[in-house]
Amino acid sequence: MAVVDAGAPALADQPMAPRRRGWARGLEIVVPATVLGILAVACFLGPLVLPIPDPIGGNVLESYLPSFSPGHLLGTDPNGNDILARILHGGQSSLTVALAVNLLGLLVGGTLGALSGFAGGITDTVIMRLLDVLIAFPSLVLTLAVAQSLGPSQTNTILALAFFSVPAFARVSRAATLRLRELPFMAAAGLCGTPVRRVLLRHVAPNIAPQLITFAMLGMGIVIVIEGALSFLGLGIPPPAPSWGNMIAQGQQSLSATPMLVVWPSVALFVTVLAFNLLGESLRARWSRQ
Amino acid sequence: MSIDRAGNDVLVTDPESATRSLLEVTDLRVYFASARQRVHAVNGLSYRLQAGRMLAIVGESGSGKSVSARALLGLLPHTAQVSGSVRFDGTELVGLPEREMRRRRGADIAMVFQDPARSLNPTMRIGTQITEAVRAHSDLDRNAARDRAVELLRLVRLAAPQRRFFEYPHQLSGGMRQRVMIAIALAASPRLLVADEATTALDVTTQAQIMELLLELQQRLGMAVIMITHDLGLAASYAQDVIVMYAGRAVEYAQASTLFTRVRMPYTRALLGALPQLEREPHTLLPVIPGQPPDLSALPAGCPFRPRCDAASDDCATAPPFAEHEPGHWWACWHPAEETSQDGASR
Amino acid sequence: MTAVVDEGPPASLAARLVASPSLRLIGKRLLTAVPILLGVSVLSFWVLNLIPGNAAQQLLGAEATPEQVRALELRLGLDEPAVSRYLSWLGGALTGDLGASLVSDQPVTELLWSHLAVSGELVLLAFLISLGLAIPVALLAAYKPNSLFDRISMIVSISGLSVANYVLALLLVLVFAVQLAMFPAIGFVPLGESVGDNLRSLALPASAIAFPLFCFYTRFLRGDLVDQLQGEDYIVTARAKGIGPWQVLLRHAFRNSTFGLITVVGLNLGTLIGATVITEQIFALPGLGQLMLQAINSRDFVVVQACVVVFAVVAVGANLLADLLYAVLDPRIRYGSR
């Protein structure tokens, strides 16, 4: 009889301070969204448009340059690569992975959960037990094992993480669908003889979408962190390709001497995750009020 | 109103207290401030209540009756702004510092709320919820408090009080829970009990039992009672004095007998008229009051009932004063009914 | 109509057990836990088997001859079909024998215990720190909602939740170990040797894990308390009795919040596993996460399988414990309804 049954990860939960003025509420959504937009543009378009050097193949003679050196705004890493370039390119992989994983989770998991919740009965029980097994399974193990055996790569990371994103979304989707099913208009739709597919598409989907999207926002932050963790352990995006995670790992080795090698990618990570979290929270607050 | 129903002076032992009412509410105003608007829930309510009498405050939802009651105890949320005067036994309550207010809550004025299922803490034994109230205003130790609690449960006629003491709210029926609420309210021997829709959530039979209990307790303990209700029948059956509220103000005020036989306010008449009655021909339409209650964030000047009143005229653009037009009978209307109402709901 | 358990003539123990609502709940949950654990062990076994790369080959290295590989395979029993290997593993597991490490030949159960002790202490400390701080902070924040304290603590909480745990760990090392030299950056000192040093060696890693937990619990508890204070009728009743605000907060609101908190703590225990792996790696602690990581790297599937099952048992067990506590503490469940 667990109270928190949505299977949501640690972050999805209670509202922050109550009512604020109307314009502040709008700001809560606009500001993080803008930050994310700028970030995405910077990561994907920045390297194409701005005079930023390549993220790999740097000159070893130029290694360990401090921040604000000429030509290297954030300095260089042990191999002479420009840190800013690496952060932007790393952002590309992190955001791509996070987007792919959450999209898969949303579509596959969301559908599965909705079907399960809607169908009820044996189907529901069976699917739920399977999902319970997946959720109880220590995810990092599987990801590590997969990475170990198949070799680290972006695609493998996406697949491995999606493996756990799908059940999480399924749980949320199922809980939302179950709550929806109680409402009278669902019974009405059934009585009218509306075909199941139509009910799902036109009634269930739009109503559970807000919760799933909010969950996805928080999921973006989570996946970026986990992908960083994998790269940190050497099992995510393989070097020399940059990822915020492997940059942090690399910087760890000279932590006391050159802390900025860890600080810059950490800042990028923090800002991105914070923006996603704030956006998710604001969206949830906005939608739950309706 | 220190005259009894026969119009004779009531014999009083303390001449001073006879003239000083237990509760004097003067021009009470409450509004709720939010980012965009102000909702004026109570707009100038005034009345007097003597010790030991039962007053019914009657009105529809949104008339401000509950809000005015909570204002007495200072139980409104922070968004509420209260002005005006509420004097309890001579002490001004509006603006009283919170610590002082707390001393009076439960001890001088106590409240019983509408939904006992939600008004009792589900994870606390009912005995503890009563002893909490007892010990808040006395120095009794745990055992003495427990004895007092059991005594209170007996007072509200709850069977097997010793055993009930250890039970949880969900193990009791609705009527029993309401008795527990009353026991909690009586814990510190208050002089005024406010029953805010105390019987609305109960079925009719239980309702009658609880009202009888309240009446009995009132007479036994000499408490004054304010009964807040939307049920005119209830008010007529049990209360001695009645105030009718509309849009946050009092529109009519009299002893129950007077009010229901010599109704003046068009609103009160309409309310009485809207009660279903056995004497009417079957299949006649219930005369409902047309229109909607006013928007409390945008109250028009003048009489708030004007849009729905069939006796309205241009005079009504100015708000009629709430005055004692006849001895013991107050109303606020330019066009009170002249005739005695034939279908008053006196029972 | 009365409490089911203590009314009437004393029924037989079995009858009373069956009748008690909370015990029935516990029983049901236990029954569902078993297939989940079985499922996890099957899944893990299957996954580990799918991974290409012959274990024996890996263990012997590239220069091994095919005959040596074959010999090792036979010795380790790797030539038998997967199903029978799983079943023999399961049989062993149920009797307490989890096999022996492919690498060191050490009995897995021994390995598990010693490493579990470390991770266990780490996690316990993390919970103590996080709850010990979160509860007072949340209470103070809820006491005066929207006050400066409240706003600051909420901002800190949501920011804290946005920091990756490995980043935090490195930050802590940078500040406390390198700059201030108050705590060691790596290394573990067992409890047996010195309590003081043991705690010092765990201080930073436990804090790294505790901080995000603290943020989460603070937000959760504060939200729950404020929801009650603003929305629940029994709070108004409590105030109407004339009791003080702290009493209302503690005896009424907080009391009811503990249920949600217990459930959430139980859920968290399961997901904490990921955090321990990284933290143990950074701080070089010989815990379960470290063991598993090494085992994965050296293809020691026996150990990996055992670790997976242990983690799953902890996750499921914690959930179960939370539900159990909930069922026992919540009087609505314990005494049923009329």
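Because the structure is a prediction, the values reported are computed rather than measured.

K.L.:
Got a minute to help me understand the interface of chain A and chain C in this structure?
P.N.:
Reports of interface size often rely on the accessible area that becomes lost once the parts have come together. Facing the 47 residues of chain A at the interface are 58 residues of chain C. For the pair chain A and chain C, the two sides together bury roughly 4,600 Å², of which 76% comes from carbon and sulfur. If you look at where chain A meets chain C, you find one salt bridge. A salt bridge links glutamate 281 of chain A to arginine 219 of chain C; the nearest nitrogen and oxygen atoms lie 3.5 Å apart. Our count for the chain A to chain C interface comes out at four residue pairs in polar contact (both at pLDDT 80 or more). Of all the secondary-structure elements, those providing two or more residues to the side of chain A that touches chain C are helix H3 (121–136), helix H4 (139–150), helix H7 (196–232), helix H8 (244–252) and helix H9 (260–289) of chain A. The element that contributes the greatest number of residues to the side of chain A that touches chain C is H9 of chain A, accounting for nine residues. Here the residues of the side of chain A that touches chain C sort into 34 nonpolar, eight polar and five charged.

K.L.:
What exactly am I supposed to notice about the confidence of the model for chain C here?
P.N.:
Low-confidence regions, as indicated by low pLDDT, have predicted coordinates that should not be scrutinised in detail. All names here are of chain C. A residue-level look at chain C finds 87% of positions with pLDDT of 70 or above and a mean pLDDT of 81. Here residues 1–8 is modelled with pLDDT under 50, and outside its nearest four sequence neighbours on either side it reaches 14 contacts, counting other chains as well. Of the two predicted TM-score estimates for the complex, the pTM is 0.82 and the ipTM is 0.82.

K.L.:
I'm lost on the interface of chain B and chain C in this one. Help?
P.N.:
On the chain C side, the residues contacting the 30 residues of chain B number 30 residues. Between chain B and chain C, roughly 2,600 Å² of surface is buried when both sides are summed, and carbon and sulfur atoms account for 55% of that area. Three residues, Thr123, Glu132 and His170 of chain B, lead the burial of chain B against chain C; their summed loss comes to 23% of the area buried on that side. One can count three salt bridges joining chain B with chain C. When the shortest N-O distance is used, the salt bridge between aspartate 233 of chain C and arginine 118 of chain B registers 3.7 Å. Summed over the shared surface of chain B and chain C, the number is 12 residue pairs in polar contact (both at pLDDT 80 or more). Among the elements of the structure, helix H4 (116–119), helix H5 (126–136), helix H7 (161–164) and helix H8 (174–186) of chain B are those that each provide at least two residues to the side of chain B that touches chain C. If you tally residues by element for the side of chain B that touches chain C, the top one is H5 of chain B, at five residues. Split by residue class, the side of chain B that touches chain C holds 11 nonpolar, 10 polar and nine charged.

K.L.:
Even after reading the chapter, I still don't get the sheet that holds strand E10 (residues 249–255) of chain B, so can you show me in this structure?
P.N.:
Backbone-to-backbone hydrogen bonds join strands into a sheet, with any given pair of strands oriented parallel or antiparallel. Residue and element names in this part refer to chain B. Spatially, the eight strands line up as an open sheet ordered E6-E7-E8-E3-E9-E10-E12-E11, and their pairing is mixed. Where the open sheet ends on each side, the last strands, each with one partner, are strand E6 (109–112) and strand E11 (323–326). Neighbour-to-neighbour, the strand axes of the sheet open up by a mean angle of 25°, direction not taken into account. Across four bridges, E6 lies against strand E7 (residues 192–196) in parallel orientation.

K.L.:
How do you make sense of the pattern of salt bridges when you look at a structure like this?
P.N.:
Pairing is possible between side chains that carry opposite charge, provided their charged atoms lie close to one another. For the structure on display, the rule yields 23 salt bridges over all chains. For arginine 171 of chain A, the salt bridge is made with aspartate 132 of chain A, and the minimal N-O distance between the two is 3.4 Å. Taken together, the positions of arginine 171 of chain A in helix H5 (residues 154–181) and aspartate 132 of chain A in helix H3 put the pair 39 residues apart, joining distant regions of the chain. Overall, the relative accessible area of 16% leaves arginine 171 of chain A in the buried class. In this structure, the salt-bridge partner of arginine 70 of chain B is aspartate 196 of chain B, at a minimum N-O distance of 3.8 Å.

K.L.:
How should the sheet that holds strand E2 (residues 38–49) of chain B be read in this particular structure?
P.N.:
Residue and element names in this part refer to chain B. Taken together, four strands build an open sheet; the order of strands is E2-E1-E4-E5 and the sheet is antiparallel. In the strand order of this sheet, the two ends are held by E2 and strand E5 (91–92), each with one partner. Across nine bridges, strand E1 (residues 23–33) lies against E2 in antiparallel orientation. Across the sheet, the residue bridging to leucine 28 is leucine 45, located in E2.

K.L.:
Can you walk me through a nonpolar patch on the surface in this structure?
P.N.:
Taken together, the side chains of Val41, Phe44, Leu45, Leu48, Val49 and Leu50 of chain A present a nonpolar region at the surface, about 600 Å² in accessible area. Relative to the elements of secondary structure, valine 49 of chain A occurs in helix H1 (residues 22–49).

K.L.:
What should I look at first to understand the side chain of serine 282 of chain A in this one?
P.N.:
All names here are of chain A. When you line up the elements, serine 282 lands in helix H9. Here serine 282 falls in the buried class, since its relative accessible area comes to 8%. Not counting the four nearest positions on each side in its chain, serine 282 is found in contact with Glu28 and Ile29.

K.L.:
Looking at this structure, how should I read the packing of aromatic side chains?
P.N.:
Each aromatic ring pair is specified by the distance between its two centres and by the angle formed by the two planes. Scanning all chains against the criterion turns up nine aromatic pairs over all chains. Residues phenylalanine 165 of chain B and phenylalanine 166 of chain B carry aromatic rings whose centres are separated by 5.1 Å and whose planes lie at 80° to one another, so their mutual orientation is edge-to-face. We classify phenylalanine 165 of chain B as buried; its relative accessible area is 8%. For phenylalanine 166 of chain B, a relative accessible area of 44% corresponds to the partly exposed category. Through a chain of ring-to-ring contacts, three or more aromatic side chains come together here, namely Phe216, Tyr217 and Phe220 of chain C.

Conventions adopted
Residues numbered from 1 in each chain as written. Chains lettered and ligands numbered in written order. Predicted model: local features only at pLDDT ≥ 70, side-chain atom pairs only at ≥ 80, totals over all residues. Heavy atoms only, no water. Contact = heavy atoms within 4.5 Å. Buried area = accessible area lost by both parts, 1.4 Å probe. Salt bridge = Lys/Arg side-chain N within 4 Å of Asp/Glu carboxyl O. Polar contact = N/O pair within 3.5 Å; in protein donor to acceptor, adjacent residues only side chain to side chain. Helix = DSSP H or I, 4+ residues; strand = E, 2+ residues; numbered from the N terminus. Nonpolar A, V, L, I, M, F, W, Y, C, P; charged D, E, K, R; others polar. pLDDT = per-residue confidence, 0-100. Pairing = 2+ DSSP bridges. Axes fitted to C-alpha atoms, helices over the stretch in contact; angles between N-to-C directions. Buried < 20%, exposed > 50% of the residue type's maximum accessible area, 1.4 Å probe, protein only. Patch = residues over 30% accessible without salt bridge, like charges linked within 9 Å, V, L, I, M, F, W, Y side chains within 5 Å. Areas by Shrake-Rupley, 256 points an atom, 1.4 Å probe, with all protein chains shown as cover. Phe/Tyr/Trp six-rings, centres within 6.5 Å; stacked < 30°, edge-to-face > 60°.

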